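# A closer look at the structure
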Amino acid sequence: MSSIARYIYETMPSYAMAGYVLFLTIFLLSVLVYKLGFAKKLRVGQNLVIYIFLLLGCLMLTFLAFFLPVVEALLVAALILIIYKIRLRIEKRNSSTTS
């Protein structure tokens, strides 16, 4: 079991609660990575379909999180995308002030 999944299972009062917390953690990190890296302006219905499939995919990722470092990988992906967005914003601001 990966370190974050093990920590969740050791600190939660029951295994059922730990499973839900692990699923929620994976889902929220997946939404963050999707928003930072791949999201476009879509209609509400299209966003709803995307989030439903993201929810189903996160269910499978939760089962994989017992054996693979899924949460850690999502954290690294989110950090890389956050750094990218910050650098992009700084570059855009610098290019607009020098023009």
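The present account deals with the structure reproduced in this document. (Residues numbered from 1 in each chain as written. Predicted model: local features only at pLDDT ≥ 70, side-chain atom pairs only at ≥ 80, totals over all residues. Heavy atoms only, no water.)

### Thoughts on the side chain of Ser-30
Among the structural elements, Ser-30 can be located in helix H2 (residues 15-37). Among all residues touching Ser-30, those that are not within four sequence positions of it are Leu-54, Cys-58, Leu-61 and Leu-74. (Helix = DSSP H or I, 4+ residues; strand = E, 2+ residues; numbered from the N terminus. Contact = heavy atoms within 4.5 Å.)

### With respect to H2
Between its terminal C-alpha atoms H2 stretches 33 Å, which fits the 33 Å expected from 23 residues at 1.5 Å a residue. Every buried residue of H2 is accounted for by Ala-18, Gly-19, Leu-22, Ile-26, Phe-27, Leu-29, Ser-30, Val-31, Val-33, Tyr-34 and Leu-36. Those residues of H2 that are buried are in contact with helix H1 (3-11), helix H3 (44-64) and helix H4 (70-98). (Expected span 1.5 Å × (residues − 1). Buried < 20%, exposed > 50% of the residue type's maximum accessible area, 1.4 Å probe, protein only.)

### Description of the nonpolar core
With 18 residues, the main nonpolar core has Leu-22, Ile-26, Val-33, Ala-65, Val-70, Val-71 and Leu-74 as its most contacted residues. Residue assignment for this core shows that the elements contributing at least two residues are H1, H2 and H4. The element that contributes the greatest number of residues to this core is H2, accounting for 8 residues. In this structure Val-70 touches Ile-26, Leu-61, Leu-64 and Ala-65, once residues within four positions along its chain are discounted. (Core = buried A, V, L, I, M, F, W, Y, C linked by side-chain atoms within 4.5 Å.)

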